[in-house]
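Residues per chain, in single letters:
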Amino acid sequence: MANKEDAEPATRRPRSVRVNSLFSEDELIEDYYDAPPAIGGSSWSDDVPCSGSIPGDGMEGPSADLPLSPTIKAGWLDKNPPQGSYIYQKRWVKLDADYLRYFDSEKDAYSKRFIPVSSISRIASVGDQKFEVVTNNRNFVFRAESDADRNEWIRTLQQIVEERKSKAPDRTSVSLSTNGAADPADKSGFLELRGFKHKLFVAVAGDKVFLYKNAEDYRLGIGITYIEMNVGNVKEVDRRGFDLTTPYRIFSFSADSDQEKEEWVEAMQQSIAEALSNSEVAERIWAVESNRFCADCGSPKPDWASINLCVVICKRCAGEHRGLGPGITKVRSLKMDRKVWTEELIELFQHLGNAVANQFWAANVPPSEAIAPTSSSCERRRFLIAKYREGKYRRYHPLFGNQQELDRALCAAVTTSDLAETQALLFCGAAVTCSTGDPQCPTPLALAEKSGQRLQMEFLLHNKTSEMPRLELGGSEEKPYSVPLPSVTHHGFLYKTPSMAKPVGERKGQEEFSRRWCTLQDGVLSYYESDRNAVPNGEVRAEEIVCLVSHPPHAHGIESTFEVYIESERLYLFGLESPDAAREWLKSIAKSFVHPRAEELLALDFERIGRLHYKGGLNLERAKEGWFALAGSSLHVCLEDGERQEPLQLRKLQELSIQGDNEVLVLVERRRTLYIQGERKLDFLGWVQAIQKAAGSSGDTLSEQQLTESDVPLLVDRCIGYITQCGLTSEGIYRKSGQNSKTTNLLEILRRDARSVRLKEGEHQVDDVANTLKRFFRDLGDGLFTGRWGKDWLRATALEDEEAKIGEYRRLLSTLPTVNRATLKALINHLFRVQLFSSENQMNTHNLAIVFGPTLFQTDGKDYKAGRVVEDLINHYMKIFDVNDQEMKKQQDEIMAIMKMREAASSGTQQAGDFICTVYLEEKKTEAEQHVKIPATMTAEELTFEILDRRKIVMKEKDYWSCFEVNEREEAERPLHYSEKVLPILHCLGTESYLVVKKQLSMENMLIYLGVCPQPAEWATANTA
């Protein structure tokens, strides 16, 4: 018999009208519905696509796209009628291992009702082809077309229910406990859904979003429908509204506040990420009983892990683990961080895992201090600090306190399969890099490798940089500083928004800020309702601040705004109408949290300042903490050892990339490489975006472009380099016009990020590149000769005495800005080379001057003196630009080499565009010489493979080869980055420098840091140092 609540009549609606809404007619409550009847039964509301496919998309139904649990049985059934009615509704009913659901038609993607299989207590026949599905508090009656069909449904349902009862844990995303209460979802609460007068109860759980009529239905687990998020996309539409879009339906939600909306959007985005993840690793690790529950709070189905502690943890505990830092715990997702999960690491979790780990870490936890799935963030943080940072509950090893004996015991344990013993020794003080006394196997890692103990090796590798637990006297909150921070006092009114867990994506209006009285005193930033309140609304401790960001004026509705990021992945947005007052707050907050050793950074006009973990040089075993400040296009660095570092000129970087699943930002300069580690995702994302922006071109003047080390715009260098290699003998070079569309597109790409552009013969035409270079100079803001000095250059052509004219040109050259001067020299040097091939390209000095004079002076051909200047500069290139004999000889050698290449190309013996150079193998000896053709596009990686292939060298395991630039005079060398182009390096090499290919001895440490285990062939040129 149908439950009365479930059979509420649909009053004042004709029974003949069929409504395809979220509720069935027998479940529809008039107050919930605020949309007109659908025409033809094809719409959820009057402006939303139907629950089947979007019109015109050519879909026949959801079955081919929605990866639901396999359907066990499906068919048409009559659903029990509303109370007082004898008219049944025909429903398409589907049964899978998790749910019994019914729909308007077999093409619908979203159900009208779902009933968890786990909530069904009994299925019984009630006569007349009918059967009843009984749950804890509701009954659902269906009618089949025949008794045989009814019996088949009953048999199948009973079988699935029995199978479900025998399985644990529950597979449904929002599972029911024995008392009927739902387990906590990632996010739940009421939301408005467009087309409905009353709010629906919505729950985000795992990779699904569930819709319920009310909170009671959520508690019982019987809902309307659920949305598989692997086909979902979330988009904010206004202050409180957001859309969840799928191929079958757009769900337009509205939250109660902007803060609530942001939390819902973040929860749904995380659900999408989980839906798109791979659960294979999780299933294998969950195969061990103890790994099915969080090692810290006991929550079921934990899908995060600490890969050095070998514990499986839930999402909430994982957030607090991150706050402990990577020296204590390295947090990774079982489902999303696919690269880290090697076969050895999975086996390690199967052998150690939560049971063994907690026998050590949680051997002495008092019941009063243990946490549960419902514990607050503060309680979790306090417990995890005590458990892992302090080691308060651990089982002490009998050798604790005796360093020599601990190290000796570790060396013995790693040669066996006793992982629990190794764990206890290591986290009671044994040194992972202690000396073994065996020169053949100097470390425990080498001993484990020699003994064939793969899992011991894996455990040691992941704990190579782990910090040992230490109990702090006087409080469990360990300070991240070894010296006290200066005491700073400041107070006044600030405008403030609610704290956020994600970057500020949109401009905040003035109405979104609240005026608060704020004080900075004794290392605490407190904010109050007003200056008369004694109790603060909240506070931020200076030691928790990791980053401070200053926004440009009017970035939000308040004139001057700034952001404060803290360790627990939250940010606070503050603002003031007075720029001077905002600057005072910035300086005060910065001084309160920046380490004294980095106080020099406080004098900068920074836009972003904070602490980050980094690795650099050849010592990559341990991440260190450094202080960074971004000011303009310079990244100022104060490293852990206190050694003063030259700022990184971001526009001059050779490479800027993200590695290791967006966890490491790599900055490559000519003589140094810096790895910045994303310990916290929120502020690290901000640093990445800010550095990428600062490293790009920011305007149309020369000084705002990406630059080479010699201060030439990278765009100019790319074009000149390509034409030097491929176009010196091209007839009419610079006189012929390329295709306008290709020129426009190439210039746009180079302006956006010339660092990432590689001009290749066959892909790019010489005339298109030449036209791009000319257009760049023609459109250049302030011009190459500058608006201030341009007319003086033109007037200099009137001087009749050649020496006086050259002297005036030299004087004017010295007045140009550094970048303009370097660019002019590079361009005239290039044109000097071009005219040397005038017999082939028909472009002598005069012809080049006719083309480039109006372009460089931006005169549109109205002043003949512009061409005269360019002609003089080319003719007197050596005198005006102080080119000495050695530099000239080097250029002539390059020209001769290019001429030989052209001759070889015309005879068919060599590919055009190659340059021949000498490269040494392992050391500079005559017998180690290799003469190699260097095309314009050849990278260090390709050169290394070329040398190894020539000498038929077979790469062995752990052999990592690199190409090095060696300077004999300075007795220095540097490994080339694998993507670095070789030809520009050859052009810059002095007489004391050469290239050599040899093994990269520091690569193993780099790989340990990056967390990868590549095959030798893949890393033959892993030039990441």
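Before reading on, note that the structure itself is shown above.
Rules behind the numbers
Residues numbered from 1 in each chain as written. Predicted model: local features only at pLDDT ≥ 70, side-chain atom pairs only at ≥ 80, totals over all residues. Heavy atoms only, no water. Pairing = 2+ DSSP bridges. Helix = DSSP H or I, 4+ residues; strand = E, 2+ residues; numbered from the N terminus. Axes fitted to C-alpha atoms, helices over the stretch in contact; angles between N-to-C directions. Buried < 20%, exposed > 50% of the residue type's maximum accessible area, 1.4 Å probe, protein only. Contact = heavy atoms within 4.5 Å. Polar contact = N/O pair within 3.5 Å; in protein donor to acceptor, adjacent residues only side chain to side chain. Core = buried A, V, L, I, M, F, W, Y, C linked by side-chain atoms within 4.5 Å. Phe/Tyr/Trp six-rings, centres within 6.5 Å; stacked < 30°, edge-to-face > 60°. Lys NZ or Arg CZ within 6 Å of the ring centre and 35° of its normal.

Enquirer: Just to check I follow, could you spell out the sheet that holds strand β14 (residues 250–254) for this structure?
Expert: Spatially, β11-β10-β9-β8-β14-β13-β12 is the arrangement adopted by the 7 strands of the open sheet, whose pairing is antiparallel. Here the strands that pair on one side only, and so sit at the sheet edges, are β11 (225–228) and β12 (233–236). Across this sheet, the average inter-strand angle for adjacent strands is 35°, counted without regard to direction. Examined bridge by bridge, β12 and strand β13 (residues 241–245) share 4 bridges and lie antiparallel to one another. Across the sheet, the residue bridging to V234 is L244, located in β13.

Enquirer: Is there a simple way to explain the pairing of strand β34 (residues 961–967) in this structure?
Expert: The side chains of a regular strand alternate between the sheet's two faces. Here β34 lies mainly inside the structure; 7 of its 7 residues are buried. Side chains W961, C963, E965 and N967 of β34 all project onto a buried face; the interleaved residues S962, F964 and V966 project onto the opposite face, where all are buried too. Looking at chain direction, β34 and strand β36 (residues 993–999) are connected through 7 bridges and run antiparallel. Across the sheet, the residue bridging to W961 is K999, located in β36. Two elements, β34 and strand β35 (residues 972–975), share 4 bridges in a ladder whose sense is antiparallel. Of the residues in β35, the one forming a bridge with N967 is A972.

Enquirer: Help me understand the environment of S962, please; the structure alone is not making it clear to me.
Expert: Residue position: S962 is located in strand β34. Taking the C-alpha atoms as reference points, S962 and F945, separated by 17 residues in sequence, lie 9.3 Å from one another.

Enquirer: How should I be thinking about the sheet that holds strand β6 (residues 130–135) in this particular structure?
Expert: To summarise the sheet geometry, strands pair through backbone hydrogen bonds and adopt either a parallel or an antiparallel arrangement. Strand order in the open sheet formed by 7 strands is β4-β3-β2-β1-β7-β6-β5, with antiparallel pairing between adjacent strands. If you trace the sheet from one side to the other, it starts and ends with β4 (113–116) and β5 (120–127), each paired once. Each neighbouring strand pair of the sheet contributes to a mean axis angle of 35°, computed without reference to strand direction. Helix-sheet contacts for helix α1 (residues 147–166) involve β1 (73–79), β2 (89–95), β3 (99–103), β5 and β6, and the interaxial angle to β5 is about 165°.

Enquirer: Explain the side chain of S252 to me, please; I cannot follow it from the model alone.
Expert: Relative to the elements of secondary structure, S252 occurs in strand β14. Polar side-chain contacts of S252 include one of 2.9 Å to the side chain of R194. Within the structure, the side chain of S252 is placed 2.9 Å from the side chain of D243, a separation counted as a polar contact. Apart from the residues lying within four places of it in its own chain, the contact partners of S252 are E192, L193, R194, F242 and D243.

Enquirer: So what exactly am I meant to see when it comes to the nonpolar core here?
Expert: Generally speaking, a soluble globular protein has its nonpolar side chains buried in company with each other. Counting residues in hydrophobic clusters, the biggest one holds 64 residues, and the most contacted among them are Y734, W793, L824 and L873. Sequence-distant contacts of W793, defined by excluding residues within four places in its chain, comprise F785, Y809, L812, L813, L816, L824, F857, V869 and L873. If you look at the next biggest cluster of nonpolar residues, it comprises 63 residues, including L309, L352, L406 and L425.

Enquirer: Got a minute to help me understand the packing of aromatic side chains in this structure?
Expert: Geometry of an aromatic ring pair is reported as the spacing of the ring centres plus the angle between the planes. Summed over all chains, the structure comprises 38 aromatic pairs. Each ring, one from Y110 and one from Y248, has its centre 6.3 Å from the other, and the planes form 75°; the classification is edge-to-face. Here Y248 lies in the loop between β13 and β14 and Y110 lies in the loop between β3 and β4, a separation of 138 residues in the sequence. Note on F251 and F253: the rings are 6.3 Å apart at their centroids and 10° apart in plane angle, and the pair reads as stacked. Judged by relative accessible area, F251 falls into the buried class, the value being 0%. Connected via pairs of aromatic rings, a cluster forms that spans Y99, F114, F190, F201, F210, Y212, Y218 and Y226. Seen from the ring of W687, R608 lies directly overhead, with NZ or CZ sitting 5.6 Å from the centre. If you follow K998 out to its NZ or CZ, it ends over the ring of F964, 4.9 Å from the centre.

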